[in-house]
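Structural description and commentary
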Amino acid sequence: MDAGSPENYARLKQFACDFVVSGSYVEPDGDEHELWRAGKLVPWYISHLLDNGRHFGSGVDIACHAEEPAVDLWEAGRLCPSWDQTVALARLLDVRVRDLTHPDARPHHHEDRPRYRVRDNAILSFEPSVLQAAASSTT
């Protein structure tokens, strides 16, 4: 996200200030499933938690029931994890699914979205088309 404009900076600051891990992983509830279905996952939160836990490489994809380079694409907002993959990711990170979400996250198309995650680039949304594909997926 380009924080060059005051609006973008305020949004970035809000997402950063609101980011909190509420506790260790517990099986998700219906509210968390609804957050996922509504496109409230935040790629930046996924990247931050993966980095902090020193989770990297193909082992992360395997643990999340995905094939390389899926997790890299999640971090860029170019591919959205299915519900089962989101639960596996939360389990790996030892956080609740809700900790991967923000109420103001919304799918947004970016013409200049990077192909893969760019370090120190806060990606706050997924492409709308990938959310639709994830919602129709069974894995």
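Residues numbered from 1 in each chain as written. Predicted model: local features only at pLDDT ≥ 70, side-chain atom pairs only at ≥ 80, totals over all residues. Heavy atoms only, no water.

1. Overview of the overall build of the chain
Under the convention used in this document: Labels follow the DSSP assignment, with helices taken as runs of H or I lasting at least four residues and strands as runs of E lasting at least two, numbered in each case from the N terminus. In this scheme, a residue with accessible area under 20% of its type's maximum is buried, one over 50% is exposed, and one in between is partly exposed, where area comes from a 1.4 Å probe on protein chains only.
A count of helices and strands for the chain gives seven helices and zero strands. The order of helices and strands in the chain, counted from the N terminus, is α-α-α-α-α-α-α. Projected onto its principal axes, the C-alpha positions of the chain cover 40 × 30 × 30 Å. Taken over 139 residues, the chain has a buried fraction of 40%.

2. Digging into the confidence of the model for the chain
Operational definition: Per-residue confidence from the prediction method is given by pLDDT, with values spanning 0 to 100.
Taken over all residues, the pLDDT of the chain has a mean of 92, while the share at 70 or more is 96%. Within the chain, the lowest mean pLDDT, 86, falls on helix H7 (residues 128-135), and the highest, 98, falls on helix H6 (residues 83-93).

3. Side note on the packing of aromatic side chains
Our working rule: Working definition: a ring pair exists when centres of Phe, Tyr or Trp rings (six-membered ring for Trp) sit within 6.5 Å. Plane angles under 30 degrees give stacked, over 60 give edge-to-face, the rest tilted. Here, over-ring charges are defined by two tests on the NZ atom of lysine or the CZ atom of arginine: distance to the ring centre within 6 Å, and angle to the ring normal within 35 degrees.
A complete count under the given rule lists four aromatic pairs for this structure. Seen from their ring centres, Trp44 and Tyr45 are 6.4 Å apart, and the 35° between their planes marks the pair as tilted. For Tyr45, a relative accessible area of 2% gives the class buried. Lying over the aromatic face of Tyr116, Arg115 brings its terminal NZ or CZ to 5.3 Å of the ring centre.

4. Focus: the pattern of salt bridges
Defined as follows: In the sections that follow, a salt bridge refers to a side-chain nitrogen of Lys or Arg positioned within 4 Å of a carboxyl oxygen of Asp or Glu.
Counted according to the given criterion, the structure contains ten salt bridges. Arg96 is the salt-bridge partner of Glu32, the closest N and O atoms lying 3.4 Å from each other. Of the two residues, Glu32 sits in helix H2 (residues 30-37) while Arg96 sits in the loop between H6 and H7, which places them 64 residues apart along the sequence. The partner of Glu32 in a salt bridge is Arg98, with the nearest N and O atoms 3.6 Å apart.

5. Describing H2
Selection rule: Nitrogen and oxygen atoms within 3.5 Å of one another constitute a polar contact, given that in protein one can donate a hydrogen and the other can accept it, and given that sequence-neighbouring residues count only through two side-chain atoms.
Its side-chain oxygen at 3.1 Å from the backbone nitrogen of Asp31, Asp29 defines the N-terminal cap of H2. Gly39 sits one or two residues past H2 and shows a positive phi near 80°.

6. Quick notes on H7
The condition is simple: The directions from the helix axis to the C-beta atoms are what the arc is built from. By definition in these notes, contact holds between two residues if any of their heavy atoms fall within 4.5 Å.
For H7, every residue scored as buried is listed here: Val130, Leu131 and Ala134. Looking down the long axis of H7, one finds its buried residues gathered within 105° of arc, a one-sided arrangement. Of the surrounding secondary structure, the elements contacted by the buried residues of H7 are H2.

7. So, the environment of Leu131
Looking at the secondary structure, you find Leu131 in helix H7. Using a relative accessible area of 11% as the deciding quantity, one classes Leu131 as buried. Once residues lying within four places of it in the same chain are set aside, the contact partners of Leu131 are Gly39, Cys80, Pro107 and Phe126.

8. Focus: the nonpolar core
Formally: Here, nonpolar core refers to any group of buried Ala, Val, Leu, Ile, Met, Phe, Trp, Tyr and Cys residues whose side-chain atoms link them within 4.5 Å.
Core analysis: the largest hydrophobic core is formed by 25 residues, its most contacted members being Leu50, Trp74, Cys80, Leu89, Leu93, Leu100 and Phe126. At the level of secondary structure, the elements contributing two or more residues to this core comprise helix H3 (43-52), helix H5 (70-76), H6 and H7. In terms of residue count, the dominant contributor to this core is H6 (five residues).

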